[in-house]
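Listed here are the chains, written in short residue letters.
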Amino acid sequence: MAIVRNVLAGRIMASRPSSMLIAARSMSSWWQSVEPAAKDPILGVTEAYLADPSPSKVNVGVGAYRDDNGKPVVLECVREAERRIAGNLNMEYLPMGGSLKMVEETLKLAYGENSHFIKDKRVAAIQSLSGTGACRIFADFQKRFRPDSQIYIPVPTWANHHNIWRDAQVPQKTFHYYHPATRGLDFAALMDDIKNAPNGSFFLLHACAHNPTGVDPSEQQWREISQLFKVKGHFAFFDMAYQGFASGDPERDAKSIRIFLEDGHLIGIAQSYAKNMGLYGQRAGCLSVLCEDEKQAVAVKSQLQQLARPMYSNPPVHGALIVSTILGDPDLKKLWLKEVKVMADRIIGMRTALRENLEKLGSPMSWEHITNQIGMFCYSGMTPEQVDRLTNEYHIYMTRNGRISMAGVTTGNVEYLANAIHEVTKSS
Amino acid sequence: MASTMLSLASSSPSSSLSLREINKGKLNLGSASFIPCLDKDKCNPFLKNKSLGRISMTVAVNVSRFEGITMAPPDPILGVSEAFRADTHEMKLNLGVGAYRTEELQPYVLNVVRKAENLMLERGENKEYLPIEGLVAFNKVTAELLFGADNPVIKQQRVATVQSLSGTGSLRLAAALIERYFPGAKVLISSPTWGNHKNIFNDARVPWSEYRYYDPKTVGLDFEGMISDIKAAPEGSFILLHGCAHNPTGIDPTPDQWKKIADVIQEKSHIPFFDVAYQGFASGSLDEDAASVRLFAAHGMELLVAQSYSKNLGLYAERIGAINVVCSSSDAAARVKSQLKRLARPMYSNPPVHGARVVANIVGDPALFNEWKAEMELMAGRIKNVRQKLFDSLTAKDKSGKDWSFILKQIGMFSFTGLNKAQSDNMTNKWHVYMTKDGRISLAGLSLAKCEYLADAVIDSFHNVS
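Residues numbered from 1 in each chain as written. Chains lettered and ligands numbered in written order. Predicted model: local features only at pLDDT ≥ 70, side-chain atom pairs only at ≥ 80, totals over all residues. Heavy atoms only, no water.

### Details of the overall build of chain A
Counted only if it meets this: Numbering of helices and strands runs from the N terminus, with a helix taken as a DSSP run of H or I at least four residues long and a strand as a DSSP run of E at least two residues long. In this treatment the radius of gyration is a C-alpha quantity, and the globule benchmark scales as 2.2 Å times the residue count to the 0.38 power. Buried residues are those whose accessible area, probed at 1.4 Å on protein chains only, stays under 20% of the maximum for their type, while exposed residues exceed 50% and partly exposed ones sit between those limits. It only takes one pair of heavy atoms within 4.5 Å for two residues to be counted as in contact. Residue burial considers only the protein chains on display, and all accessible areas are found by Shrake-Rupley using a 1.4 Å probe.
Each helix and strand in chain A was counted, giving 17 helices and 13 strands. For chain A, whose C-alpha radius of gyration is 22 Å, the value lies close to the compact-globule estimate of 22 Å for 428 residues. In terms of principal-axis extent, the alpha carbons of chain A reach across some 65 × 60 × 50 Å. Of all 428 residues assigned to chain A, the portion counted as buried reaches 64%. Long-range contacts, defined here as pairs at least 24 residues apart, represent 75% of the contacts in chain A between residues at least 6 apart. Looking at chain A as shown, the accessible area adds up to about 15500 Å², and 53% of this sits on carbon and sulfur atoms.

Shown next as structure tokens:
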């Protein structure tokens, strides 16, 4: 299993001596200085899992939903939408800002069905390449129009957040978030960091179902955070990748955003349909920035488009059509809401099962956090060494920060998983 | 609560904005109008200066951080279609954006694409994330389509291929790779070229300059100028070449000229960088249209190639293409591919699956592939017919003896008419013919039925407007 560990640590693709260059080439390569990139810590896990021949292997790495048989799921509402759109529409370029219908429906989910911000046309929004694309365009936008600003990122966060703001050349700072001792929120330190940041700083917040910890502020805590943001004049950028997926109720999962909106903040939001509509590979999402008035929203939207044009010209249509077909039809939308709840409920059920199994095994540690945390991920508190043991000895694949994707847990593997976790943690 | 205004003066310099001076171009960006701000003391050309004077953060919540933002200019190409849609004149003609239209001037979904989509629907495939580099089956067929399955570069695994967001996305990934591994290296782009090329290199912070290409006197290629400018560029520059069907001019080098271009590039240790957006669309033959790329590969050169399936498979809105980097060893190709992935991850994580599956299904199935080739010949054939009819109409109606044969010599979707801005404006204002201001018309938007009307418009604009 040392091979697996080395693959994950990116050591397999080391540079080879130049004597391996093809002799026939009289010219040496332009690319000699190009080192092999380290494997992506998240997506690399799935690669390693796929390469493992063991029949008992378990993938609790990447955050893609699985049913109780461990299979990927295409929602019924999505299949129906696809049947309706197949072969019908041409594939002409979408406008640079994407599908207007898709964006309209998406904003309603975040801002509220009857939001006056939408009615007053104060939201500058474009269809984006899922959540990643929304964050990247915002980061580029921040760089271009607020070149002095930095982004405050929680510790820990989704690893790609750091890559995104770094490649956009926006300097990063961090703020306290996860409290290892309690496996919960370090609220006092969080508020301290917000207070100590220079006025008018930019903050990245996870709207719900924090990735990777699953630890969310309570409603009361969100209200306090919002108040402190007002005092400090900070800008809140919400990454909402799990609306509907956390509690099963999209309205409830948008609570943090609604609190900020009520309190008068002018926020930015990245939304994704990867998880809650199962549209992972379609790259369907939306970036929005709430502005003072319609005129400003028009200007901001034009600038967001200006950033998108030299990156990909205009966004892909297929996923957008699926979204607007579903959300634009009351019956399909109802079906979707039902299916999202089923997914969320299954995960909540697996949390309970995992915790109960660990407690039944007589684990000396507390596993309350498994059911306290919310969303797709559980921050187990395991060390990288313990994770390596899980992988090498038990063929259980997860990221080395101890994050378990609960979506990969099933009634079929939860006992095996609990047992393995117990084995590697019982002596700690 | 929302209306409470708390007054707290800004205490930190990082949150206040002061007026800035314009930076007189520290980076050599040629004739770019965009000046990047690398220093925080330098100018931000995107903000109105006076708006930067907002110092205090007193109105904490209701004042936007983005107050000073001005309206971006309409896109010169995509903006044309918007103007066309707003026009109510019955004879209006949209020769702006390069999207193929049938003789009835309707958008066209290829039959082979409908078939592929139905197959996919029947199979009920899942929607899981693709790997960062895209669909493996797609990457295989796209490289084979470009180089030929038997090409040594493929057999020796020397091509790093990454699925990307059509041509634009492929160019952008390549630009990011250049910026990271060849800091300071310049890209040379043709004069003129597709409008978005310079935006891509600007946003990727890669300096660029132009090489002569279009000769207005002959309405053809300024070959001597092109060779001379490529020779004069600093060694190790990237030369952006259009593989076939040059956009916007429609003027391609001859096979002999391509050979000379390859020689000069090799001599100067430049790196060829092909933009192939029309393979199959130019001549009607996929292999013929890839001849320039294959010539360079046969020279043993390392090169980059951006591909797009927007036009040749009509998959415009699916955003499907690929960036290919031909390296001198399979080891280098593996390393380059890993770095392309690293650049893609913070841009969009992984590419959209739908278009990739459509392409893989069509190219991977012999029957569908043959059907595709036939449909492509039809599309390219329609354009050739339209060129002929336009030429005939112009020659018949124009009594000045002007040589209109460039229309027949040019190839692909576009024709550079030689009309200047004022003349192009006349085309739109008087004749309701929508085109880009550089004199480019998209023949894909022209029907046989409208050729005579267009000929009248062109003749009038040429001779009566200066």
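Having seen it, we continue.
### Observations regarding the pairing of strand 7 (residues 202-206) of chain A
Successive side chains on a regular strand alternate, one facing one side of the sheet and the next facing the other. Residues and elements named next belong to chain A. Rule in force here: Any two strands are treated as partners once DSSP identifies two or more bridges connecting them. With the strands pointing away from the viewer, any crossover whose connection runs clockwise from the first strand over the helix to the second is right-handed.
When you tally the buried positions in strand 7, you get 5 out of 5 residues, the bulk of the element. Side-chain alternation along strand 7 places F202, L204 and H206 on one buried face and F203 and L205 on a second face that is also buried. In this structure, strand 3 (residues 151-155) lies alongside strand 7, joined through 2 bridges in parallel fashion. Pairing of I151 across the sheet is with F202, part of strand 7. Taken together, the 5 bridges between strand 7 and strand 8 (residues 235-240) define a ladder with parallel strand orientation. Bridge pairing links L205 to F238 in strand 8. Handedness of the crossover joining strand 7 and strand 8 through helix 9 (residues 219-232): right-handed.

### Points about the packing of aromatic side chains
Filter applied, for reference: Classification of ring pairs uses Phe, Tyr and Trp, with its six-membered ring standing for Trp, and accepts pairs whose centres are within 6.5 Å; under 30 degrees between planes counts as stacked, over 60 as edge-to-face, and the remaining range as tilted.
If you walk through the whole model with that rule in mind, you get 37 aromatic pairs over all chains. Judged by centre distance (6.1 Å) and plane angle (50°), the rings of A:W222 and A:F238 are tilted. Here the residue A:W222 occupies a position in helix 9, and A:F238 occupies one in strand 8, the gap between them amounting to 16 residues. Measuring from ring centre to ring centre gives 5.3 Å for B:W404 and B:F462, while their planes differ by 75°; the resulting arrangement is edge-to-face. Taken together, the positions of B:W404 in the loop between helix 13 (366-397) and helix 14 (406-409) and B:F462 in helix 16 (residues 451-464) put the pair 58 residues apart, joining distant regions of the chain.

### Details of the sheet that holds strand 4 (residues 172-176) of chain A
Residues and elements named next belong to chain A. To be explicit about the condition: Note on method: axes are straight lines fitted to C-alpha atoms, helices fitted across the in-contact stretch only, with angles between N-to-C directions ranging 0 to 180 degrees.
The sheet built from 7 strands is open, its strands ordered 2-10-9-8-7-3-4 with mixed pairing. Each edge of the open sheet carries a strand with a single partner, namely strand 2 (123-129) and strand 4. If you compare each strand with its neighbour and ignore which way they point, the axes differ by 25° on average. Of the pairings in the sheet, the one linking strand 9 (residues 268-272) to strand 10 (residues 284-290) comprises 5 bridges and is antiparallel in character. Bridging from a neighbouring strand, G268 pairs with V289 of strand 10.

### So, the packing of helix 3 (residues 136-147) of chain B against helix 12 (residues 353-363) of chain B
Residues and elements named next belong to chain B. Convention followed: Orientation is classified from the angle alone, with under 35 degrees giving roughly parallel, over 145 giving roughly antiparallel, 65 to 115 giving roughly perpendicular, and any other angle giving oblique. Two helices that cross are described as forming a left-handed crossing if the nearer one is turned anticlockwise from the farther one by less than a right angle, and a right-handed crossing if clockwise. Each residue gets one of three labels, nonpolar for Ala, Val, Leu, Ile, Met, Phe, Trp, Tyr, Cys and Pro, charged for Asp, Glu, Lys and Arg, and polar for the others, Gly among them.
The contact between helix 3 and helix 12 brings their axes to 9 Å, and the two run at 55°. Between helix 3 and helix 12, the angle falls in the class oblique. The hand of the helix 3/helix 12 crossing is left-handed. Taken together, the residues of helix 12 that come into contact with helix 3 (itself represented by A137, F138, V141 and L145) are A356, V359, A360 and V363. For the contact of helix 3 with helix 12, the residue count by class is 8 nonpolar, no polar and no charged.

### Quick notes on the nonpolar core
One broad rule of soluble globular proteins: the nonpolar side chains tend to lie buried together. Condition: For this analysis, a nonpolar core means a set of buried residues of the types Ala, Val, Leu, Ile, Met, Phe, Trp, Tyr and Cys, connected via side-chain atoms within 4.5 Å.
Counting residues in each nonpolar core, the largest one holds 244 residues, and the members touching the most others are B:F296 and B:W372. Ranked by residues supplied to this core, first place goes to helix 13 of chain B with 10 residues.

### Observations concerning the pattern of salt bridges
All names here are of chain A. Basically, it comes down to this: By definition here, a salt bridge exists when the distance from a side-chain nitrogen of Lys or Arg to a carboxyl oxygen of Asp or Glu is within 4 Å.
The full count for this structure, using the stated rule, is 39 salt bridges over all chains. Between E113 and K333 there is a salt bridge whose closest N-O contact spans 3.4 Å. Residue E113 is found in the loop between helix 4 (100-111) and helix 5 (116-119), and its partner K333 is found in helix 14 (residues 330-360); the two are separated by 220 residues along the sequence. Among the residues examined, E113 registers a relative accessible area of 45% and is labelled partly exposed. Since its relative accessible area comes to 18%, K333 is described here as buried. The structure contains a network of salt bridges with shared partners spanning E76, E80, R83, R84 and D329.

### Concerning helix 2 (residues 111-123) of chain B
Residue and element names in this part refer to chain B. Where we set the bar: Between the first and last residue of a helix there are one fewer steps than residues, each counted as 1.5 Å, and that sum is the expected span. Comment: arc refers to directions from the helix axis out to C-beta atoms.
The end-to-end C-alpha distance of helix 2 is 19 Å, a good match for the 18 Å that 13 residues give at a rise of 1.5 Å each. Among the residues of helix 2, those classed as buried are V112, V113, A116, E117 and M120. The arc that holds every buried residue of helix 2, seen down its axis, measures 135°, which confines them to one face. Residues of helix 2 that are buried make contact with helix 12 and helix 13. Positive backbone phi, at 60°, marks G124, one or two positions downstream of helix 2.

### So, the side chain of A:R258
Assignment of secondary structure puts A:R258 in helix 11 (residues 255-262). Ignoring sequence-local partners within four residues, the contact set of A:R258 consists of A:K108, A:L109, A:A110, A:Y111, A:G112 and A:E251.

### A word on the sheet that holds strand 4 (residues 208-212) of chain B
Residue and element names in this part refer to chain B. Strand order in the open sheet made by the 7 strands is 2-10-9-8-7-3-4, with mixed pairing throughout. In this open sheet, the two strands that pair with only one neighbour each are strand 2 (159-164) and strand 4. Direction aside, neighbouring strands of the sheet carry axes that sit 25° apart on average. In terms of strand pairing, strand 3 (residues 187-191) meets strand 7 (residues 238-242) through 2 bridges, oriented parallel. By the bridge assignment for strand 7, L188 is matched with I239. Contacting strand 7 and strand 8 (271-276), helix 8 (residues 255-267) runs over the sheet at an angle of about 165° to strand 7. Each of strand 7, strand 8 and strand 9 (303-308) touches helix 10 (residues 291-298); the most contacted strand, strand 8, lies at about 155° to it.

### As for the pairing of strand 4 of chain B
In the sheet, strand 3 of chain B pairs with strand 4 of chain B via 5 bridges, with the strands oriented parallel. Residue pairing across strands places B:S191 opposite B:R212, the latter belonging to strand 4 of chain B.

### Quick notes on unusual backbone geometry
What you tend to see is this: most non-glycine residues have negative phi, and most peptide bonds are trans. Residues and elements named next belong to chain A. Note the cis peptide between V155 and P156, where omega equals -5°. Looking at the element boundaries, P156 is found in the loop between strand 3 and helix 7 (159-167). Of note, the phi angle at S130 is positive, near 60°, even though the residue is not glycine. Its location among the elements puts S130 in helix 6 (residues 130-145). The buried category is assigned to S130, whose relative accessible area is 2%. Its identity as a non-glycine residue notwithstanding, S313 has a phi of 70°, on the positive side. With respect to the helices, strands and loops of the structure, S313 is situated in the loop between helix 12 (294-312) and helix 13 (317-327).

### Thoughts on the confidence of the model for chain A
The following threshold applies: A score between 0 and 100, pLDDT records how confident the predictor is in each residue.
With 91% of its residues at a pLDDT of 70 or more, chain A has an overall mean of 90. Here residues 1-27 of chain A is modelled with pLDDT under 50, and outside its nearest four sequence neighbours on either side it reaches 38 contacts, counting other chains as well.

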